[in-house]
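Summary of structural features
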Amino acid sequence: MALTATELQSSPRFVTALKGLATQLQGQFDGNPKLSRFMASHQRWLLSQAAFALQLEYDPAVGGSGLTTGRLKEMILTVKAASRNTVLNFLDQLMAYRYMRRADDGGRRPRRFEATDISTQAMYNWFLANLAALDSVDDGNRVAEAVAEPRIFRLAQPRIARHCIADDRWREPPPRVALFLWTESGGLVMDEIVSRIEVGVDEDRFDLGRIDARAMAGRFLMSRTHLQRLLRKGVELGCLAWHDEAKKTHMWMTRDYLDEYCGWQAVKFSIVDEAFDWARAELKSRAEPQPAE
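What counts and how
Residues numbered from 1 in each chain as written. Predicted model: local features only at pLDDT ≥ 70, side-chain atom pairs only at ≥ 80, totals over all residues. Heavy atoms only, no water. Helix = DSSP H or I, 4+ residues; strand = E, 2+ residues; numbered from the N terminus. Rg over C-alpha atoms; globule rule 2.2 N^0.38 Å. Contact = heavy atoms within 4.5 Å. Areas by Shrake-Rupley, 256 points an atom, 1.4 Å probe, with all protein chains shown as cover. Lys, Arg positive; Asp, Glu negative; His and termini not counted. Charge placed at Lys NZ, Arg CZ, Asp CG, Glu CD. Pairing = 2+ DSSP bridges. Phe/Tyr/Trp six-rings, centres within 6.5 Å; stacked < 30°, edge-to-face > 60°. Buried < 20%, exposed > 50% of the residue type's maximum accessible area, 1.4 Å probe, protein only. Lys NZ or Arg CZ within 6 Å of the ring centre and 35° of its normal. Expected span 1.5 Å × (residues − 1). Arc of directions from axis to C-beta. Polar contact = N/O pair within 3.5 Å; in protein donor to acceptor, adjacent residues only side chain to side chain. Core = buried A, V, L, I, M, F, W, Y, C linked by side-chain atoms within 4.5 Å. Salt bridge = Lys/Arg side-chain N within 4 Å of Asp/Glu carboxyl O.

1. Notes on the overall build of the protein
Looking only at helices and strands, one finds 15 helices and six strands in the protein. A globule of 293 residues ought to have a C-alpha radius of gyration of about 19 Å, and the protein, at 20 Å, matches this closely. Its C-alpha atoms give the protein principal-axis dimensions of about 75 × 40 × 30 Å. Sequence-distant contacts in the protein: of pairs separated by 6 or more residues, those separated by 24 or more amount to 69%. Of the roughly 14,500 Å² of accessible surface on the protein, 50% is carried by carbon and sulfur atoms. For the protein, the centre of its 40 positive side-chain charges and the centre of its 39 negative side-chain charges are spaced 8 Å apart.

2. What about the pairing of strand 3 (residues 112–115)?
Here strand 1 (residues 67–68) pairs with strand 3 via two bridges, running antiparallel. Residue pairing in the sheet places Leu67 in a bridge with Phe113 of strand 3. Strand direction decides the pairing type here: strand 2 (residues 100–102) and strand 3, joined by three bridges, are antiparallel. Bridge pairing links Arg102 to Phe113 in strand 3.

3. Describing the packing of aromatic side chains
For the structure shown, the criterion picks out 13 aromatic pairs. Ring geometry for Trp45 and Trp170: centres 5.3 Å apart, planes at 65 degrees, overall edge-to-face. Taken together, the residues span a long stretch of sequence, with Trp45 in helix 4 (residues 42–56) and Trp170 in helix 10 (residues 168–171) at a distance of 125 residues. A residue is classified by how much of its surface remains accessible, and Trp45, at 13% relative accessible area, is buried. Judged by centre distance (5.5 Å) and plane angle (50 degrees), the ring pair of Phe127 and Phe153 falls under tilted. Of this pair, Phe127 sits in helix 7 (residues 117–138) while Phe153 is found in helix 9 (residues 151–166), placing the two residues 26 residues apart along the sequence. Note on accessibility: Phe127 and Phe153 belong to one class, buried. Grouped by ring-pair contacts, the aromatic residues Trp45, Trp126, Trp170, Tyr261 and Trp264 constitute a single cluster. Here the basic side chain of Arg44 rests over the ring of Phe38, its NZ or CZ set 4.3 Å away from the ring centre. The side chain of Arg112 reaches across the aromatic face of Tyr58, ending 3.5 Å from its centre.

4. Some remarks on helix 14 (residues 224–236)
Under the 1.5 Å per step criterion, the end-to-end length of helix 14 is 18 Å for 13 residues, consistent within 8% with the ideal 18 Å. Three or more residues of helix 14 are buried, namely Leu227, Leu230, Leu231 and Gly234. End-on view of helix 14: buried residues confined to an arc of 95 degrees, all on one side of the axis. In this structure, the buried residues of helix 14 make contact with helix 11 (175–181), helix 12 (186–195), helix 13 (213–219), strand 5 (240–242) and strand 6 (250–254). For helix 14, the side-chain oxygen to backbone nitrogen distance between the N-cap and Thr225 is 3.1 Å, and the N-cap itself is Ser223. Just past helix 14, the residue Gly238 takes up positive phi, approximately 80 degrees.

5. Quick notes on the nonpolar core
Ranked by size, the top nonpolar core spans 95 residues in total, and within it Leu72, Phe127 and Phe180 carry the most contacts. Not counting chain neighbours up to four residues away, the residues in contact with Phe180 comprise Gly186, Gly187, Val189, Met190, Ile193, Leu230, Leu240 and Tyr257.

6. Remarks on the pattern of salt bridges
Taken as a whole, this structure holds 21 salt bridges when the rule is applied. Between Arg162 and Glu57 there is a salt bridge, with the nearest N and O atoms lying 2.9 Å from each other. In this pair, Arg162 is assigned in helix 9 and Glu57 in the loop between helix 4 and strand 1, connecting sequence segments 105 residues apart. Here Arg162 falls in the partly exposed class, since its relative accessible area comes to 35%.

Printed below as a string of structure tokens:
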């Protein structure tokens with residue numbers, strides 16, 4: 001049975017699971033900084049999940065199915081996750097960076113798009129990384145099952161995308177979480193912060209070690225001024241604090257901010273787990289012989 005958001009957030013292993021996920025995502029960034037940076041805001045996350053889901057849902061027997069400009073706009077604009085121009089600009093960039101290509105439909109309209117290999121691999125890696133985090137919470141075997149049966153990914157991802165986009169608890173992060181997640185490259189900064197948490201050292205605050213804003217900004221290809229502004233705002237809102245206010249070299253995260261972030265992430269993980277369970281059950285039902293009429 002899939003883990004609920006409440007069960008995940010209350011698990012003593014959940015913070016460690018988030019650290020593990022953050023570390024895996026950092027590894028993916030090192031493997032392809034350009035693609036990771038392109039997706040490193042919550043709005044881009046919603047757009048990319050929606051686009052990938054639509055292209056997986058393509059059915060040649062259903063006219064107009066798959067990833068089209070109109071269908072992506074409908075999926076995103078309905079919940080006001082982005083503006084029309086933002087959706088169009090996102091698609092243009094996907095094409096320019098060759099993360100997406102036009103499908104060979106013989107010139108039929110509406111024009112359909114499909115993910116390139118690099119985008120497909122990135123989404124698959126994201127899926128496995130999230131399953132690995134869930135496995136670390138309950139000693140599960142999700143990753144092995146998903147690798148053994150690739151159809152689980154193709155069935156689960158559209159369900160994850162649609163449920164995450166429909167759930168305003170995930171779609172609209174708490175204001176202090178949104179401080180980082182809605183900004184360009186903010187997701188990379190948040191992964192860096194979470195990966196640094198030392199669990200079990202202090203129940204009220206978590207040491208993040210030395211913060212070198214210049215080096216971090218350079219690694220994530222972002223403005224140092226922008227990063228320093230984010231960190232300063234985080235301190236003002238009580239998310240982060242400096243060990244030494246004068247030198248500003250070492251930071252820690254407050255307990256209530258970590259709890260807030262965990263609560264938000266737990267919503268997504270519960271959706272991922274439910275979709276994984278559903279996909280397994282769906283494949284099992286398809287394999288079972290149907291009774292004769």
